[in-house]
Amino acid sequence: MKVLLVNGSPHAKGCTYTALTEIAKTLEEEGIEWEIFDVGMEPISGCLGCGRCVELKKCVIEDTVNEFTKKAREADGFIFGTPVHYAAASGALTSFMDRAFYSGGKDTYYLKPAACIASARRAGTTAAFEQINKYFTISQMPVISSRYWNMVHGTKPEEVMEDKEGMQCMRILARNMAWFLKIKEAGEKAGVPLPKTEKIEKTSFIR
């Protein structure tokens, strides 16, 4: 079992990364593989709304998004980390997730557990946390929680490490993710069927 940890910060070894490494360490203790995927510092285009990904099975823009979706198809769970910019997730991460979730297709994420974490100096974390969770709920992904909202505080990695409650939340989140993955695997081995599916109904509010 493997969890992809997405670093949505342009700083490869910054505060968001510091929180993700605490998660990674705990996942490893629980016997779960992990990989940190950096969104990086290169500009990431937003979705063009062209719809070509339906035909191509990938985004028409060749960049890190397609690299991620290849890995995502093989992953068992996800944790997306973001710094807080203007009380919201980073623009790079939202552009990345818009395209990764749309072009990746339903089967890439369906019923795979996910969580997000937010890193800030002071405030805006709960708004960013709520924003990112919406990607999971629309994709029928179980959302994994900790004992509090998944956030850390600090202006540099050393300060994040001093946020004892925040770092504890990262460890609890990792253990909850590991537990869910093990339960899911046990259910699959026991022959528990997937939920019954229905044809998607779309209702327009224009009368």
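Note: the structure precedes this text.
Predicted model, so just to flag it, every value in this text is computed and none were measured.

**Description of the packing of helix 4 (residues 91–104) against helix 6 (residues 125–138)**
Next, step 1: Helix 6 packs onto helix 4 with a crossing angle of 5° between their chain directions and a minimal axis gap of 11 Å. Taken together, the axis directions place helix 4 and helix 6 in an arrangement best described as roughly parallel. Facing Leu93, Thr94, Met97, Asp98 and Phe101 of helix 4, the residues of helix 6 in contact are Gln131, Ile132, Tyr135 and Phe136.

**Details of the packing of aromatic side chains**
Next, step 1: This model, assessed by the stated rule, comprises 13 aromatic pairs.
Next, step 2: Summarising the aromatic geometry, the rings of Phe78 and Tyr109 are spaced 5.5 Å apart at their centres and angled 55° between planes, so their arrangement reads as tilted. Taken together, the positions of Phe78 in strand 3 (residues 77–85) and Tyr109 in helix 5 (residues 106–109) put the pair 31 residues apart, joining distant regions of the chain.
Next, step 3: Through successive ring pairs, a cluster of aromatic residues spans Phe37, Phe68, Phe78, Phe80, Phe96, Phe101, Tyr109, Tyr135 and Phe136.
Next, step 4: Between Lys106 and the ring centre of Tyr110, over which it is positioned, the NZ or CZ distance is 4.7 Å.

**What to know about helix 3 (residues 64–74)**
Next, step 1: By the burial criterion, the buried members of helix 3 are Thr64, Val65, Asn66, Phe68, Thr69 and Ala72.
Next, step 2: Packed against the buried residues of helix 3 are strand 1 (2–7), strand 2 (33–38), strand 3, helix 4 and helix 5.
Next, step 3: Capping the start of helix 3 is the job of one residue whose side-chain oxygen sits 3.0 Å from the backbone nitrogen of Val65: Asp63.

**Looking at the environment of Leu4**
Next, step 1: Note that Leu4 resides in strand 1.
Next, step 2: For Leu4, a relative accessible area of 1% gives the class buried.
Next, step 3: Ignoring any residue separated from it by four or fewer positions in sequence, one finds Leu4 in contact with Glu35, Phe68, Lys71, Ala72, Ala75, Gly77, Phe78 and Ile79.

**With respect to the pattern of salt bridges**
Next, step 1: Evaluated as defined, the whole model comprises ten salt bridges.
Next, step 2: Its salt-bridge partner being Lys25, residue Glu22 comes within 3.5 Å of it at the nearest N-O pair. Of this pair, Glu22 and Lys25 both sit in helix 1 (residues 15–29), separated by three residues, roughly a single helical turn.
Next, step 3: A relative accessible area of 11% places Glu22 in the buried class.
Next, step 4: Salt bridges sharing partners connect three or more residues here, namely Lys2, Glu35 and Lys71.

**A few points about the pairing of strand 1**
Next, step 1: Most of strand 1 is tucked away, with five of its six residues classed as buried.
Next, step 2: Bridging between strand 1 and strand 2 involves six bridges; their strand directions are parallel. Its bridge partner lying in strand 2, Leu4 is registered against Glu35.
Next, step 3: On the question of chirality, the crossover connecting strand 1 to the parallel strand 2 by way of helix 1 is right-handed.
Next, step 4: Relative to strand 3, strand 1 runs parallel, the two sharing five bridges. From the neighbouring strand, Val3 faces strand 3, where its bridge partner is Gly77.

**Points about the side chain of Thr125**
Next, step 1: Tracing the sequence through the fold places Thr125 in helix 6.
Next, step 2: Not counting the four nearest positions on each side in its chain, Thr125 is found in contact with Val84, Ala118, Ala120, Met151 and His153.

**Description of the side chain of Thr108**
Next, step 1: With respect to the helices, strands and loops of the structure, Thr108 is situated in helix 5.
Next, step 2: Beyond its immediate chain neighbours, meaning those up to four positions away, Thr108 contacts Thr69, Ala72, Arg73 and Phe78.

**Quick look at the state of the cysteines**
Next, step 1: Counting across every chain of the model gives zero disulfides.
Next, step 2: Counting only cysteine sulfurs, Cys169 is the nearest neighbor of Cys15, a cysteine outside any disulfide, at a range of 16 Å.
Next, step 3: We note that Cys59 lacks a disulfide partner, and the nearest cysteine sulfur, in Cys53, lies 6.7 Å from it.

Analysis parameters
- Residues numbered from 1 in each chain as written.
- Predicted model: local features only at pLDDT ≥ 70, side-chain atom pairs only at ≥ 80, totals over all residues.
- Heavy atoms only, no water.
- Axes fitted to C-alpha atoms, helices over the stretch in contact; angles between N-to-C directions.
- Helix = DSSP H or I, 4+ residues; strand = E, 2+ residues; numbered from the N terminus.
- Parallel < 35°, antiparallel > 145°, perpendicular 65-115°, else oblique.
- Contact = heavy atoms within 4.5 Å.
- Phe/Tyr/Trp six-rings, centres within 6.5 Å; stacked < 30°, edge-to-face > 60°.
- Lys NZ or Arg CZ within 6 Å of the ring centre and 35° of its normal.
- Buried < 20%, exposed > 50% of the residue type's maximum accessible area, 1.4 Å probe, protein only.
- Polar contact = N/O pair within 3.5 Å; in protein donor to acceptor, adjacent residues only side chain to side chain.
- Salt bridge = Lys/Arg side-chain N within 4 Å of Asp/Glu carboxyl O.
- Pairing = 2+ DSSP bridges.
- Right-handed = clockwise from strand over helix to strand, strands pointing away.
- Disulfide = S-S within 2.5 Å.

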